[in-house]
Amino acid sequence: MRKSIILFLVMLSLVSFTSPAMASEKDPKPNSTATTNKVEEIPAEVQVMLDRLEAIKAMDKSDLKSSERKELRAEVREIKSTLRAAGNGLYISTGVIILILLLIIIL
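Starting afresh in each chain, residues are numbered from 1 along the sequence in its written order. Selection of residues for local features in this predicted model requires a pLDDT of at least 70, selection of side-chain atom pairs for listing and counting requires 80 or more, and totals for whole chains, interfaces and linings are taken over all residues. Heavy atoms from the whole structure form the basis of all side-chain values; hydrogens and water molecules are not counted.

A closer look at the confidence of the model for the chain
Our working rule: Each residue carries a pLDDT score, the predictor's confidence in it, ranging from 0 to 100. Every helix listed is a DSSP run of H or I at least four residues long, and every strand listed is a run of E at least two residues long, numbered separately from the N terminus.
Of all residues in the chain, 73% attain a pLDDT of 70 or more, and the chain-wide mean is 79. Taken element by element, the predicted model of the chain shows its lowest mean pLDDT in helix H3 (residues 32–41) (56) and its highest in helix H4 (residues 44–58) (89).

Structure below.
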C-alpha cells in the first residue's frame, strides 16, 4: 500500500512538471539582440579560460608525453573549478526537487 502511494506521488510529480520545450512556440523567432548581449556579458577573463579549454580540446594529444598530459589535465581541472566558482549560482536538479518534496510529504 505504502509503495503504491509513493509510486503514485512520484508519477504525479513527473507528469505535473512540464518541460520548456513543450511551452515554446512552434516557430520561435530568433532575437539577434539577445544573442549579442549574451556574448557581451561574458567577462574577458572567463572568455580567455573558455578559449583555452577549446584549444585544449582541439589539441592532438597522441604525440604528448604522459607528464604533459598530466599537466593539461591539471590545467583543465583548475580552469573548470575556477569557472564553477565564478558562476555564483545555485542549481537544483529536478530529481533533487522531487526527492525534497517526497521527504516533506512523508515526514
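Resuming the write-up.
Things to note about the pattern of salt bridges
To keep it simple, the criterion reads: Counted as salt bridges are all cases of a side-chain nitrogen of Lys or Arg within 4 Å of a carboxyl oxygen of Asp or Glu. We call a residue buried when its accessible area falls under 20% of the maximum for its residue type, exposed when it is over 50%, and partly exposed in between, using a 1.4 Å probe and counting protein chains only.
Evaluation of the coordinates by the stated rule reveals one salt bridge. For Glu75, the salt bridge goes to Arg52, with nearest N and O atoms at 2.8 Å. Taken together, the residues span a long stretch of sequence, with Glu75 in helix H5 (residues 66–87) and Arg52 in helix H4 at a distance of 23 residues. For Glu75, a relative accessible area of 26% puts it in the partly exposed group. Exposure remark for Arg52: the relative accessible area of 32% places this residue in the partly exposed category.

Overview of the packing of helix H1 (residues 2–16) against helix H6 (residues 94–106)
In plain terms, the rule: Each axis is a line fitted through C-alpha atoms, and for a helix only the stretch in contact is used; angles between axes span 0 to 180 degrees, taken between their N-to-C directions. Comment on the angle field: the value is read as roughly parallel under 35 degrees, roughly antiparallel over 145, roughly perpendicular from 65 to 115, and oblique elsewhere. The crossing is said to be left-handed when, going from far helix to near helix, the turn is anticlockwise and less than a right angle, and right-handed when the turn is clockwise. Residues count as neighbours in contact if any of their non-hydrogen atoms are within 4.5 Å of one another. Ten residue types, Ala, Val, Leu, Ile, Met, Phe, Trp, Tyr, Cys and Pro, are classed as nonpolar, four, Asp, Glu, Lys and Arg, as charged, and the remainder, Gly among them, as polar.
The interhelical angle for the contact between H1 and H6, taken along N-to-C directions, is 140 degrees, at an axis separation of 11 Å. For the element pair H1 / H6, the angle class is oblique. Where H1 crosses over H6, the handedness of that crossing is right-handed. Residue-level inspection shows Arg2, Ile6, Leu9, Val10, Ser13 and Leu14 of H1 in contact with H6, the latter providing Ile98, Leu102, Ile105 and Ile106. Looking at side-chain class alone, the contact of H1 with H6 contains eight nonpolar, one polar and one charged residues.

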